[in-house]
Amino acid sequence: MPRDTNPQGTIFGGVLLSYIDQAGAVGAYHAIRRAGWPYQPILTVAMNKVEFHQPVFVGDVVSFWSQVLRVGETSITVQVTVEAERNGETVKLTQAEVTFVAVELRDGERRPVPVRGALPPS
């Protein structure tokens with residue numbers, strides 16, 4: 001939308017990063033549900049390898065595609081690809097890796113917990 005644009009008439013990178021963060025979280029939660037792991041709140045801890053390939057123009061209809069790259073003990077990393085259709089062609093606009101950590105609130109602090117749920121007793 002026009003309110004999201006910079007003086008060059010393209011969308012602010014920060015606006016796009018916000019949408020990438022949201023799309024990554026949706027993708028991570030989807031993967032967690034599909035795997036049958038219990039719901040855990042997740043927080044963004046890193047955004048890596050952000051590459052702006054093409055600008056996003058006002059009026060572009062963009063799609064956000066997510067793919068899980070890695071699942072660690074307490075984290076999940078998702079690649080988010082942003083595309084638009086222009087003149088009948090799909091154009092890759094931006095790509096980023098977003099890492100989330102599963103947390104629980106304990107003693108007033110958020111502490112990392114296993115993404116796959118509680119570890120079995122040893």
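Rules behind the numbers
- Residues numbered from 1 in each chain as written.
- Predicted model: local features only at pLDDT ≥ 70, side-chain atom pairs only at ≥ 80, totals over all residues.
- Heavy atoms only, no water.
- pLDDT = per-residue confidence, 0-100.
- Helix = DSSP H or I, 4+ residues; strand = E, 2+ residues; numbered from the N terminus.
- Phe/Tyr/Trp six-rings, centres within 6.5 Å; stacked < 30°, edge-to-face > 60°.
- Buried < 20%, exposed > 50% of the residue type's maximum accessible area, 1.4 Å probe, protein only.
- Expected span 1.5 Å × (residues − 1).
- Contact = heavy atoms within 4.5 Å.
- Salt bridge = Lys/Arg side-chain N within 4 Å of Asp/Glu carboxyl O.

A. Inspection of the confidence of the model for the chain at higher detail. Residues at a pLDDT of 70 or more form 96% of the chain, whose mean pLDDT is 91. At the low end of the mean pLDDT range in the chain sits strand β5 (residues 109–112), at 91; at the high end sits strand β2 (residues 62–71), at 97.

B. Inspection of the packing of aromatic side chains at higher detail. According to the stated counting rule, one finds two aromatic pairs in the structure shown. Pairing Y19 with F64 gives two aromatic rings, centres 6.2 Å apart and planes at 65°, and the pair type is edge-to-face. One end of the pair, Y19, is in helix α1 (residues 13–35); the other, F64, is in strand β2, with 45 residues separating them in the sequence. By relative accessible area, which is 38% here, Y19 ends up partly exposed. Here F64 falls in the partly exposed class, since its relative accessible area comes to 28%. For the pair Y29 and Y39, a centre-to-centre distance of 5.5 Å together with 15° between the ring planes defines the contact as stacked. Within this pair, whereas Y29 is found in helix α1, its partner Y39 is found in the loop between α1 and β1 (42–52), the two being separated by ten residues in sequence. Since its relative accessible area comes to 60%, Y39 is described here as exposed.

C. Main features of α1. Its 23 residues give α1 an end-to-end C-alpha distance of 33 Å, which sits within 8% of 33 Å, the value for a rise of 1.5 Å per residue. For α1, every residue scored as buried is listed here: V15, L16, I20, A23, G24, A25, G27, A28, Y29 and I32. Taken together, the buried residues of α1 touch β1, β2, β3 (75–86) and β4 (89–106). Where α1 ends, the next residue or the one after it, G36, has phi of about 80°, a positive value.

D. The arrangement of the pattern of salt bridges in detail. Here the structure, examined in full by the defined rule, presents six salt bridges. A salt bridge links D4 to R3; the nearest nitrogen and oxygen atoms lie 3.6 Å apart. A residue is classified by how much of its surface remains accessible, and R3, at 69% relative accessible area, is exposed. Across the salt bridge formed by D60 and R86, the nearest N and O atoms sit 2.5 Å from each other. Placement of the pair is D60 in the loop between β1 and β2 and R86 in strand β3, with a sequence separation of 26 residues. Of the residues examined, D60 reaches a relative accessible area of 21% and is grouped as partly exposed. Accessibility expressed as a relative area gives 17% for R86, which makes it buried. In this structure, a network of salt bridges that share partners links the residues K49, R70 and E97.

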